[in-house]
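Examination of the molecular architecture
Chain by chain, the residues:
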Amino acid sequence: MAMALYALGAICIVEGLVLALAPSLYEDILRWIVSQPPEARRTMGLLALTAGALSLWAAAWIGG
């Protein structure tokens, strides 16, 4: 459970930094994502989900 909270905290930090340092870039990225077809967005979401799960697994494996 602690690892999930660390991961959530890390996500919030990264998202907050992007919004604080480059809000117009964030808006451009969101517009680009919305312009993609649903299948492409679904693929992006599944890739992000897989990358996140692998990152958490690797963190748990390295941390013992």
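Above this note sits the structure.
Just so you know, these numbers come straight off a predicted model, no measurement behind them.

Turning our attention to the pattern of salt bridges. A side chain of one charge can pair with a side chain of the opposite charge when the charged atoms of the two come close. Using the criterion set out here, one finds two salt bridges in the structure. Measuring nitrogen to oxygen at the nearest pair gives 3.6 Å for the salt bridge that ties Glu27 to Arg31. Of this pair, Glu27 and Arg31 both sit in helix α2 (residues 23-35), separated by four residues, roughly a single helical turn. Taking relative accessible area as the criterion, Glu27 reaches 43% and is therefore assigned partly exposed. Its salt-bridge partner being Asp28, residue Arg31 comes within 2.9 Å of it at the nearest N-O pair. Taken together, the residues Arg31 and Asp28, both in helix α2 and three residues apart, mark about one turn of the helix. Linked by salt bridges that have partners in common, Glu27, Asp28 and Arg31 make up one network.

One pass over the structure, following the stated rule, counts one aromatic pair. Both rings, one in Trp57 and one in Trp61, keep their centres 6.2 Å apart while their planes meet at 10°; by these two values the pair is stacked. Here Trp57 pairs with Trp61, and both are found in helix α3 (residues 38-63), just four residues apart, close to one helical turn. Judged by its relative accessible area of 56%, Trp57 is exposed. On the basis of relative accessible area, Trp61 is assigned to the exposed category, the value being 63%.

Moving on: the environment of Val18. With respect to the helices and strands, the residue Val18 is situated in helix α1 (residues 2-21). For Val18, a relative accessible area of 32% translates into the label partly exposed. Here the alpha-carbon distance between Val18 and Ala53, two residues 35 residues apart in the chain, equals 22 Å. Look past the residues within four positions of Val18 in its chain and what remains in contact with it is Pro23 and Tyr26.

So, how was this worked out
Residues numbered from 1 in each chain as written. Predicted model: local features only at pLDDT ≥ 70, side-chain atom pairs only at ≥ 80, totals over all residues. Heavy atoms only, no water. Salt bridge = Lys/Arg side-chain N within 4 Å of Asp/Glu carboxyl O. Helix = DSSP H or I, 4+ residues; strand = E, 2+ residues; numbered from the N terminus. Buried < 20%, exposed > 50% of the residue type's maximum accessible area, 1.4 Å probe, protein only. Phe/Tyr/Trp six-rings, centres within 6.5 Å; stacked < 30°, edge-to-face > 60°. Contact = heavy atoms within 4.5 Å.

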